[in-house]
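Chain by chain, the residues run as shown.
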Amino acid sequence: MEYSPKKLSDILEKHGFNFKKSFGQNFIVDENIIDAIIEKAMIKPNTCVLEIGPGAGALTYKLSERAKNVLCFEIDKKLEPILEELLNEKNNVEIIYEDFLTSDIKTKISSYSFDSLYVVANLPYYITTPIIMKLIEDKIPVDKIVIMVQKEVGDRFKAVPGTKDYSSLSVFLNYYFDVKKLMDVSRHVFLPKPNVDSIIIELKKKECQTQVIDEDYFFKLIRESFKQKRKTIKNNLREYPLNEIEKILKKYGFDLSVRAEQLSLDIFIDIANRVSKGVCSNDK
Ligand code: SAM
């Protein structure tokens, strides 16, 4: 496919398409950036790619040339004729016109066979965190995620304990993935131009994950620990066995007046594993 900003504007104009800010529609108009995403994703032939928000299909087209299958979720039905025109000869692409956040992704994915599942997308920025949380909470078996996100949000993904950007999302991501920044992207490569710069981030499933006994409990504990960021663990975890938690925190040099933003993934895992199984009363 010959790709150019002019070609994209022509197609959009031909179909009378108007960008919707409320859907986070900023389409990539620089082919070098599309190629960079494709190269960095290192898609293997037997990979199924999940793309959230294909937009006018520029990334989708190139993904379909590398992957076994490309499964897309697009909320804006107005993009259907554009995507049909662009992808009509691509029989390994399926586009579902639904809100990704409320779709049954797990069932849909299970109808595909693949060796590895990658998410590759230029995400709608207004729902970056909910999209990632959905992938995690729905237990979608992703091996790798290569996504374009707003720069500030991407920086938060890599945040470490004790910094202002450290949040429950940082703990979840650190539990599941090795997080790597791949490249900076200027706001000038999008149509329309957003007010922020972007980065491409890679989240690669950890080969060796520290074992959590009860993941649901672990998730709930972390969410509640960060519920009110400025509050102490004692205040946020009132419903939990605080005596037991205090004993664990002591091992790491903390007490109940610590805030969640000071605590590393390993400390959360230790608390969740011991408290969920009542191991603490036999504390070593
Ligand atoms: N992939 C295209 C590109 O890079 O040029 C478009 C990316 S644009 C930043 C985000 C896309 O996500 C838009 O096409 C938008 O309509 C779509 N989108 C927004 N919210 C969505 C949702 N909840 N579910 C699925 N798609 C959504």
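My aim in this report is to walk through the structure given alongside it, one point at a time. In this text, all values refer to a predicted model and were calculated from it rather than measured experimentally. (Residues numbered from 1 in each chain as written. Predicted model: local features only at pLDDT ≥ 70, side-chain atom pairs only at ≥ 80, totals over all residues. Heavy atoms only, no water.)

### Side note on helix α6 (residues 128–137)
- Extensive coverage of α6 is indicated by the burial of seven of its 10 residues.
- Within α6 the residues assigned to the buried category are Thr128, Ile131, Ile132, Met133, Lys134, Leu135 and Ile136.
- Lysine 139 sits one or two residues past α6 and shows a positive phi near 55°. (Buried < 20%, exposed > 50% of the residue type's maximum accessible area, 1.4 Å probe, protein only. Helix = DSSP H or I, 4+ residues; strand = E, 2+ residues; numbered from the N terminus.)

### A look at the packing of helix α8 (residues 168–176) against helix α9 (residues 215–225)
- Relative to each other, α8 and α9 sit at 150°, their axes nearing to 10 Å. As the angle between them shows, α8 and α9 are arranged roughly antiparallel. On α9, the residues touching Ser168, Val171, Phe172, Tyr175 and Tyr176 of α8 are Glu215, Phe218, Phe219 and Ile222.
- The residue makeup of the contact of α8 with α9, split by class, is seven nonpolar, one polar and one charged. (Axes fitted to C-alpha atoms, helices over the stretch in contact; angles between N-to-C directions. Parallel < 35°, antiparallel > 145°, perpendicular 65-115°, else oblique. Contact = heavy atoms within 4.5 Å. Nonpolar A, V, L, I, M, F, W, Y, C, P; charged D, E, K, R; others polar.)

### A look at the packing of aromatic side chains
- This model, assessed by the stated rule, comprises 13 aromatic pairs.
- Both rings, one in phenylalanine 17 and one in phenylalanine 19, keep their centres 5.5 Å apart while their planes meet at 85°; by these two values the pair is edge-to-face.
- On the basis of relative accessible area, phenylalanine 19 is assigned to the partly exposed category, the value being 29%.
- With a centroid separation of 4.7 Å and an interplanar angle of 65°, the aromatic rings of tyrosine 175 and tyrosine 176 are classed as edge-to-face. Both residues of the pair, tyrosine 175 and tyrosine 176, count as buried.
- Within the aromatic cluster, the residues linked to one another by ring pairs are Phe172, Tyr175, Tyr176, Phe177, Phe218 and Phe219.
- Positioned above the aromatic ring of tyrosine 97 is the side chain of lysine 77, whose terminal nitrogen or guanidinium carbon lies 5.3 Å from the ring centre. (Phe/Tyr/Trp six-rings, centres within 6.5 Å; stacked < 30°, edge-to-face > 60°. Lys NZ or Arg CZ within 6 Å of the ring centre and 35° of its normal.)

### Quick notes on the sheet that holds strand β9 (residues 198–205)
- Pairing within the open sheet is mixed, and its seven strands lie in the order β4-β3-β2-β5-β6-β9-β7. Of all strands in the sheet, those with a lone pairing partner are β4 (93–96) and β7 (177–185), marking the two edges. Pairwise comparison of adjacent strand axes, ignoring direction, gives a mean angle of 20° for this sheet. (Pairing = 2+ DSSP bridges.)

### Here's the deal with the site of the ligand
- Residues in contact with the ligand amount to 23 residues; listed here are only the nearest, Gly53, Glu74, Asp99, Asn122 and Tyr126.
- Here an oxygen atom of the ligand and a backbone polar atom of isoleucine 28 are 2.9 Å apart.
- Take asparagine 122: an N or O atom from its side chain is 2.8 Å from an oxygen atom of the ligand.
- Calculation on the ligand without its partners gives an accessible area of 590 Å², and the protein chains cover 99% of this total.
- A majority-of-atoms criterion places the ligand in the largest pocket. (Near = heavy atom within 4 Å. Polar contact = N/O pair within 3.5 Å; in protein donor to acceptor, adjacent residues only side chain to side chain. Areas by Shrake-Rupley, 256 points an atom, 1.4 Å probe, with all protein chains shown as cover. 1 Å grid on protein atoms, 1.4 Å probe; cavity = no way out; pocket = protein on both sides within 12 Å on 5 of 7 lines; lining within 4 Å. Sits in = over half its atoms within 2 Å of the grid points.)

### Re the environment of aspartate 30
- Relative to the helices and strands, aspartate 30 is located in the loop between β1 (27–28) and α2 (31–41).
- Residue aspartate 30 is classed as partly exposed on the basis of its relative accessible area, which comes to 23%.
- Along the backbone, aspartate 30 and proline 5 are 25 residues apart, and their C-alpha atoms lie at a distance of 6.9 Å.
- At 2.8 Å, the side chain of aspartate 30 forms a polar contact with the backbone nitrogen of asparagine 32.

### Observations concerning the packing of α2 against helix α3 (residues 58–66)
- Look at α2 against α3: their axes get within 10 Å of each other, and the N-to-C directions meet at 35°. Pair α2 / α3 crosses with right-handed handedness. Seen from α2, the contacting residues are Glu31, Ile34, Asp35, Ile37, Ile38 and Glu39; seen from α3, they are Ala58, Leu59, Lys62, Leu63 and Arg66. (Left-handed = near helix turned anticlockwise from the far one by under 90°.)

### Comments concerning the layout of surface pockets
- If you add up the space inside the largest pocket, you get close to 720 Å³.
- Elements with a minimum of two residues in the lining of the largest pocket: β1, β2 (47–52) and α3.
- Tallied by class, residues from the lining of the largest pocket come to 24 nonpolar, 10 polar and seven charged. (Points joined across faces, edges and corners; volume = space filled by probe spheres on them.)

### Things to note about a positive patch on the surface
- On the surface, a cluster of positive charge is made up of Lys40, Lys44, Lys180 and Lys204.
- With respect to the helices and strands, lysine 180 occurs in strand β7. (Patch = residues over 30% accessible without salt bridge, like charges linked within 9 Å, V, L, I, M, F, W, Y side chains within 5 Å. Salt bridge = Lys/Arg side-chain N within 4 Å of Asp/Glu carboxyl O. Lys, Arg positive; Asp, Glu negative; His and termini not counted. Charge placed at Lys NZ, Arg CZ, Asp CG, Glu CD.)

### Looking at unusual backbone geometry
- The omega angle of the peptide bond from leucine 191 to proline 192 is -15°, so this bond is cis rather than trans.
- By the secondary structure assignment, proline 192 is in the loop between β8 (190–191) and β9.
- Even without glycine at this site, methionine 42 takes up a positive phi of about 45°.
- Assignment of secondary structure puts methionine 42 in the loop between α2 and β2.
- Positive phi, close to 55°, is recorded for lysine 139, a residue that is not glycine.
- Within the element layout of this structure, lysine 139 appears in the loop between α6 and β6 (144–150).

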